[in-house]
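# Tertiary structure, described
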Amino acid sequence: LHYTGRGAPYPEYDFETRNFVAWKMKSWESGVFEAEMDLKEAMLTSDLAALDRLLDDNLLFVNHLDQTMSKADDLEAHRLGIVEIDRINLSSWNVEVIAVEGRPNLALVTVDAHIVGSLAGFYFEENLRFHRVWKRKAAGRWQVIEGDSS
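The rules behind these values
- Residues numbered from 1 in each chain as written.
- Predicted model: local features only at pLDDT ≥ 70, side-chain atom pairs only at ≥ 80, totals over all residues.
- Heavy atoms only, no water.
- 1 Å grid on protein atoms, 1.4 Å probe; cavity = no way out; pocket = protein on both sides within 12 Å on 5 of 7 lines; lining within 4 Å.
- Points joined across faces, edges and corners; volume = space filled by probe spheres on them.
- Helix = DSSP H or I, 4+ residues; strand = E, 2+ residues; numbered from the N terminus.
- Nonpolar A, V, L, I, M, F, W, Y, C, P; charged D, E, K, R; others polar.
- Pairing = 2+ DSSP bridges.
- Axes fitted to C-alpha atoms, helices over the stretch in contact; angles between N-to-C directions.
- Contact = heavy atoms within 4.5 Å.
- pLDDT = per-residue confidence, 0-100.

## A word on empty space enclosed by the protein
The final tally for this structure, using the stated rule, is 1 cavity of 30 Å³ or more. Approximately 70 Å³ is the volume attributed to the largest cavity. Along its surface, the largest cavity is lined by Glu-36, Leu-39, Lys-40, Met-43, Ile-88, Leu-90, Val-111, Ala-113, Ile-115, Phe-130 and Arg-132. Of all the secondary structure elements, the ones that give two or more residues to the lining of the largest cavity are α1 (27–45), β5 (83–100), β6 (103–119) and β7 (122–136). In terms of residues, the lining of the largest cavity owes the most to one element, α1, which gives 4 residues. In the lining of the largest cavity, the residues fall into 8 nonpolar, no polar and 3 charged.

## A closer look at the sheet that holds β7
The strand order β4-β3-β8-β7-β6-β5 describes an open sheet built from 6 strands, whose pairing is mixed. Two strands close off the open sheet at either side, each with one partner strand: β4 (68–70) and β5. For this sheet the average axis-to-axis angle between neighbouring strands, irrespective of direction, equals 20°. For β7 and strand β8 (residues 142–149), the ladder comprises 7 bridges, and the chain directions are antiparallel. Among the inter-strand pairings, Trp-134 is bridged to a residue of β8, identified as Val-144. Strands β3 (55–62), β4 and β5 of the sheet are contacted by helix α3 (residues 71–79), whose axis makes an angle of about 85° with β4.

## A look at the confidence of the model for the protein
The predicted model of the protein averages 83 in pLDDT, with 79% of residues at 70 or higher. Here residues 1–10 is modelled with pLDDT under 50, and outside its nearest four sequence neighbours on either side it reaches 26 contacts, counting other chains as well. Within the model, pLDDT remains below 50 along residues 21–28, and this stretch shows 16 contacts once partners closer than five positions in the same chain are excluded.

## Thoughts on the layout of surface pockets
If you add up the space inside the largest pocket, you get close to 610 Å³. Around the largest pocket, the lining comprises 27 residues; the ones closest to its centre are Phe-61, Asn-63, Met-69, Asp-74 and Val-83. If you list the elements that add at least two residues to the lining of the largest pocket, you get α1, β3, β4, α3, β5, β6, β7 and β8. Per-element accounting of the lining of the largest pocket gives the leading share, 5 residues, to β7. Counted by class, the lining of the largest pocket contains 18 nonpolar, 6 polar and 3 charged residues.

Spelled out as structure tokens, the structure:
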């Protein structure tokens, strides 16, 4: 499954009903996109409970400053207000879902993001490309296990 920048940059998402309306997707495909939208919202609001749910306990993330961060580091940065994100615009999605033994267990997501916010009190506005590896966990829940931004 690949979604690239042709046509709509990603499936049209109705935030009120929490449904994708532009494409008909299998439930596990929409699950990856729903997890991405939930992650975006959690980053914007510094929702620690949502971030805790969406990030794997063993997460390793290398940011655009070449810093390796764990789940604990990310949660702490949001909790202390070190990172505050005001706006995220996403575009140019590429998603590949990998099935193991006939069951979709991994999703590789690449997405471009225009992000505005502050880091340690300093304003930033960046165009970044995110790569995330999502793993399907118990009860069909998706969690980020690895990622980077550049």
